[in-house]
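# Structural overview for review
For reference, the chains in residue letters:
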Amino acid sequence: MITADEDEPLHVLDLPQLYTKPTAIEILKALDHLAIQPKSFGFGARDVARRKINSSGVTEYLTTIVSSSLAWLDSDDLREQIWDVAAARLSERAGRTAMPALTRLFHIPTSSGEELALTLHEPSLTSDNLGMKTWLSSYLLSRRLDSIFESVPELVRSESSTSSTSTRLRALELGSGTGLVGLSFAALREASASIHLTDLPAIVPNLTQNVELNFDLLQKTNAEVTTGILDWSIHPTPNPTKDELYDVILAADPLYSPDHPKWLVQTINTWISKGLDARVVVELPLRDAYAPQVDEFRQRMQDIGLAIVEQGNETGYDDWEDADGQSMEVHCWWSVWGWSEKF
Ligand SMILES: C[S@@+](CC[C@H](N)C(=O)[O-])C[C@H]1O[C@@H](n2cnc3c(N)ncnc32)[C@H](O)[C@@H]1O
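Thresholds applied
- Residues numbered from 1 in each chain as written.
- Predicted model: local features only at pLDDT ≥ 70, side-chain atom pairs only at ≥ 80, totals over all residues.
- Heavy atoms only, no water.
- Buried < 20%, exposed > 50% of the residue type's maximum accessible area, 1.4 Å probe, protein only.
- Helix = DSSP H or I, 4+ residues; strand = E, 2+ residues; numbered from the N terminus.
- Pairing = 2+ DSSP bridges.
- Axes fitted to C-alpha atoms, helices over the stretch in contact; angles between N-to-C directions.
- Parallel < 35°, antiparallel > 145°, perpendicular 65-115°, else oblique.
- Left-handed = near helix turned anticlockwise from the far one by under 90°.
- Contact = heavy atoms within 4.5 Å.
- Nonpolar A, V, L, I, M, F, W, Y, C, P; charged D, E, K, R; others polar.
- Salt bridge = Lys/Arg side-chain N within 4 Å of Asp/Glu carboxyl O.

## Topic: the pairing of strand 3 (residues 169–174)
With 5 of its 6 residues buried, strand 3 lies for the most part within the structure. Bridge analysis of strand 3 against strand 4 (residues 193–199) gives 5 bridges, and the strand direction is parallel. Considered in strand 4, the bridge of L172 is made with H196. Strand direction decides the pairing type here: strand 3 and strand 6 (residues 248–252), joined by 4 bridges, are parallel. Pairing of L174 across the sheet is with A251, part of strand 6.

This is the structure:
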């Protein structure tokens with residue numbers, strides 16, 4: 001059925017047309033070809049090699065299938081399957097927010113030349129459950145963790161930095177979402193660290209499942225990984241004891257509401273150790289709409305006595321193409337904070 005020159009993008013007219021009464025297999029093959037693939041944020045993408053398709057007319061093609069009775073097919077099950085797949089393809093073309101659930105493999109390069117391969121499940125996303133998707137900043141921060149550790153040697157817990165008998169570096173991730181940053185941290189730090197991955201109640205079950213999905217990788221590294229609810233809008237009572245504080249706090253893409261800078265900085269202030277070697281590592285996408293939140297976050301961090309130790313900008317590509325097959329360029333800012341000696 002697909003006859004055009006292999007180098008040319010396909011057009012919907014190259015796909016089986018319903019008036020010719022194609023078989024169920026032919027329709028399902030065409031629908032498979034129309035799947036929009038996640039691009040692993042444009043780095044080391046492992047896209048399936050497939051012919052590009054000209055997006056013009058695709059939505060109409062899919063709508064025709066969804067609204068057709070498919071009367072010439074002899075099985076209700078096949079008709080249902082085709083309607084379901086065509087509806088899913090329409091959702092994909094409406095953007096990531098309408099995507100069905102999926103499980104993805106993320107490859108994080110390390111300074112040793114090896115790659116960490118992490119498997120993350122992403123349930124179907126709704127606008128108030130943004131932690132169900134893995135965001136670009138968390139991918140960029142995961143790639144950067146290794147070099148941050150190298151350039152900031154203090155990020156190793158010293159015996160004197162706590163009264164606790166444990167010398168494991170204690171790390172906390174805020175707004176973990178699907179857990180990419182926290183799991184990368186655990187895999188990189190190996191046995192010398194423990195990390196607590198946290199988020200809102202609706203997000204934590206999937207986060208916990210993702211820790212389990214990576215059981216084999218984590219067993220090799222022997223790092224201790226736990227998950228739990230930590231809502232930035234709620235202050236803990238009583239305050240944490242010295243031993244409950246963390247040496248490192250990590251957060252990727254945590255600011256997208258006017259309350260977030262205040263809540264996030266209060267939470268950081270509550271949970272970060274007061275030792276001079278404590279670090280807060282944050283990566284934020286620089287979206288115009290949230291520029292005031294980024295400015296407020298910087299100011300509030302300084303107000304509590306934290307100062308930037310290291311920072312930089314980097315650019316990545318969002319993992320979902322728009323309907324024309326274009327990846328969105330996203331500029332991000334990463335920063336490492338420590339206690340200012342002035343305080
Ligand atoms: C844009 S997502 C980023 C998720 C993940 N860090 C990533 O980059 O893939 C923001 C995360 O912050 C979490 N979040 C939002 N408000 C929160 C709050 N009040 N307390 C804790 N987590 C919150 C969301 O549930 C979501 O997981």
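## Notes on the packing of helix 8 (residues 260–271) against helix 9 (residues 291–303)
Their axes nearest at 9 Å, the elements helix 8 and helix 9 cross at an angle of 30°. In terms of axis orientation, helix 8 runs roughly parallel to helix 9. Relative to helix 9, the crossing made by helix 8 is right-handed. Two secondary-structure elements touch here, helix 8 through P261, K262, L264, V265 and I268 and helix 9 through Q293, E296, F297, R300 and M301. Its residues placed into classes, the contact of helix 8 with helix 9 shows 6 nonpolar, 1 polar and 3 charged.

## A short note on the pattern of salt bridges
A full pass over the atoms with the stated rule returns 6 salt bridges. With a shortest N-O distance of 3.2 Å, E122 and R104 are connected by a salt bridge. Of the two residues, E122 is situated in strand 2 (residues 115–122) and R104 in strand 1 (residues 102–109); the sequence distance between them amounts to 18 residues. Where E296 meets R300, a salt bridge forms, and the shortest distance between an N and an O atom there is 2.8 Å.

These figures come from the coordinates and say nothing about function on their own.
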